[in-house]
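A look at the structure
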Amino acid sequence: MSPKTRIYLQPTPVRIWHWLNALGIITLCVTAVQIRFPEHVHMFANYKTAILLHNAAGLVVTFSFTLWFIYYALVSRNMFKVYVPSKDDLQYGILRQAKFYLLTYFLGWANPHHPTPENKFNPMQKSAYLAIMFLLVPLVSLTGLLLTNVSPMRDLVLLIGGLKILIAIHFLLACSLCAFLFTHVYLATLGKTPMAYIKPMWTGWEEEGAEEHPHKAS
Ligand code: HEM
């Protein structure tokens, strides 16, 4: 039996950021439900506790985002390469990957993307993560920070269109992030085994062949 080859795909700062961020975002979603529907949802002791937890989780997400940004922009310096889709990705790669997720996965084919440290995301992941990390997470954090501290930034809040518009923007951005989370977790389980992609996000190392189909004949 040949020894299994492994590749180091997820450096420690990225893994710390990812799980802190996931914990923060899940806490934000759960507390938000009680804040939005206080008369129907009573998961936390009271409304004030839900707000306190929501604000603390928001700070965790903002802090971990800063860690992610510093790591990619100043330490590994490959943010552009890892996160920005190439011309080929946009022309052919996204379609190829969508065909896999929507059709060929169910026919038992292997994932067409083979990750390497410099090209660890498939074209759909690149496009989705680009929108999430450069648009959604910064905007949801910024609108959240504004909402926790309205008076010093009153002029900015008025410029946006007032408090109601700010709340609506924050709510819609958060709903998109929540929708991403469900899709992201589902797609993360489509490796050779349900944990084949999730384990490397914990240990850093991915086993070669993690992208093979779970029901591939051996
Ligand atoms: C329980 C929740 C989560 C699970 C199980 C999970 C799982 C994973 C896995 C397996 C990867 C490895 C790469 C891949 O195959 O896509 C990954 C990467 C990633 N996840 Fe998540 N994730 C979760 C929550 C989140 C949340 C809440 C966000 C953002 C709002 C997020 C954003 C990302 C990004 C941007 C990457 C790429 C990281 C990098 O290598 O630079 N994830 N996630």
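See the structure shown above.
What comes next is a walk through the structure. What you see is a predicted model, and the numbers here were worked out from it, not measured in a lab.

A closer look at the overall build of the protein chain
The secondary structure content of the protein chain amounts to eight helices and two strands. Listing each helix as α and each strand as β along the protein chain from the N terminus yields β-α-α-α-α-α-α-α-α-β. Expressed as lengths along the three principal axes of its C-alpha atoms, the size of the protein chain is roughly 65 × 35 × 30 Å. Scored against the burial criterion, the 218 residues of the protein chain give a buried share of 34%. Accessible surface computed for the protein chain: about 13600 Å², of which carbon and sulfur atoms make up 71%.

A look at the site of the ligand
The environment of the ligand is formed by 24 residues, the closest being His 18, Tyr 72, Tyr 83, Tyr 129 and His 184. Here an oxygen atom of the ligand and a side-chain polar atom of Tyr 129 are 2.2 Å apart. The side chain of His 184 places a nitrogen or oxygen atom 2.7 Å from a nitrogen atom of the ligand. Elements supplying a minimum of two residues to the shell around the ligand: α1 (12-36), α5 (123-148), α7 (163-188) and α8 (198-203). Here the shell around the ligand takes eight residues from α1, the largest share from any one element. In the shell around the ligand, the residues fall into 18 nonpolar, five polar and one charged.

Things to note about the coordination of the iron atom of the ligand
Protein coordination at the iron atom of the ligand: the donors are His 18 (NE2) and His 184 (NE2), at 2.0 Å from the metal. Because the angles between the six donor atoms bound to the iron atom of the ligand fall within 85 to 179 degrees, the donor set is best described as octahedral. With His 18 in helix α1 and His 184 in helix α7, the pair connects residues that are 166 residues apart, well separated along the chain. Overall, His 18 belongs to the buried group, its relative accessible area being 15%.

Some remarks on the side chain of Thr 31
Positionally, Thr 31 belongs in helix α1. For Thr 31, a relative accessible area of 0% translates into the label buried. Each residue touching Thr 31, except ones within four places of it in the same chain, is listed here: Phe 44, Ala 50, Leu 53 and His 54.

Some words on a nonpolar patch on the surface
Together, Met 153, Leu 156, Leu 159, Ile 160, Ile 165 and Ile 169 make up an exposed nonpolar region whose accessible area comes to about 520 Å². A total of three residues in the nonpolar patch trace back to one element, the largest contributor, which is helix α6 (residues 154-160). The residue Ile 160 is located in helix α6 in this model.

A closer look at the nonpolar core
Looking at soluble globular proteins, one finds that nonpolar side chains tend to be buried together. Core analysis: the biggest nonpolar cluster contains 24 residues, and Trp 68, Tyr 72, Tyr 83, Ile 132, Met 133, Val 137 and Leu 177 have the highest contact counts within it. Only α1, α2 (47-76), α3 (79-83), α5 and α7 provide two or more residues apiece to this core. Those residues in contact with Val 137, other than ones at most four positions away along the chain, are Val 61, Phe 65, Ile 132 and Leu 177.

Focus on the packing of aromatic side chains
Think of a pair of aromatic rings as described by two things: how far the centres are apart, and how the planes are tilted against each other in angle. This structure, assessed with the given rule, holds 17 aromatic pairs. Between the aromatic rings of Trp 68 and Tyr 83, the centroid separation amounts to 5.4 Å while the plane-to-plane angle is 90 degrees, which identifies the pairing as edge-to-face. With Trp 68 in helix α2 and Tyr 83 in helix α3, this pair connects stretches of sequence that are 15 residues apart. For Arg 6, the ring lying beneath its charged end belongs to Trp 205, and the centroid distance is 4.6 Å. When the ring centre of Phe 171 is taken as origin, the NZ or CZ atom of Arg 36, which lies over that ring, is 4.1 Å away.

Each value, and the rule that gives it
- Residues numbered from 1 in each chain as written.
- Predicted model: local features only at pLDDT ≥ 70, side-chain atom pairs only at ≥ 80, totals over all residues.
- Heavy atoms only, no water.
- Helix = DSSP H or I, 4+ residues; strand = E, 2+ residues; numbered from the N terminus.
- Buried < 20%, exposed > 50% of the residue type's maximum accessible area, 1.4 Å probe, protein only.
- Areas by Shrake-Rupley, 256 points an atom, 1.4 Å probe, with all protein chains shown as cover.
- Near = heavy atom within 4 Å.
- Polar contact = N/O pair within 3.5 Å; in protein donor to acceptor, adjacent residues only side chain to side chain.
- Nonpolar A, V, L, I, M, F, W, Y, C, P; charged D, E, K, R; others polar.
- Donors = N, O, S within 2.8 Å, 3.2 Å for Na, K, Ca; no water.
- Tetrahedral: all angles 85-135°; square planar, octahedral: opposite > 155°, others 65-115°.
- Contact = heavy atoms within 4.5 Å.
- Patch = residues over 30% accessible without salt bridge, like charges linked within 9 Å, V, L, I, M, F, W, Y side chains within 5 Å.
- Salt bridge = Lys/Arg side-chain N within 4 Å of Asp/Glu carboxyl O.
- Core = buried A, V, L, I, M, F, W, Y, C linked by side-chain atoms within 4.5 Å.
- Phe/Tyr/Trp six-rings, centres within 6.5 Å; stacked < 30°, edge-to-face > 60°.
- Lys NZ or Arg CZ within 6 Å of the ring centre and 35° of its normal.

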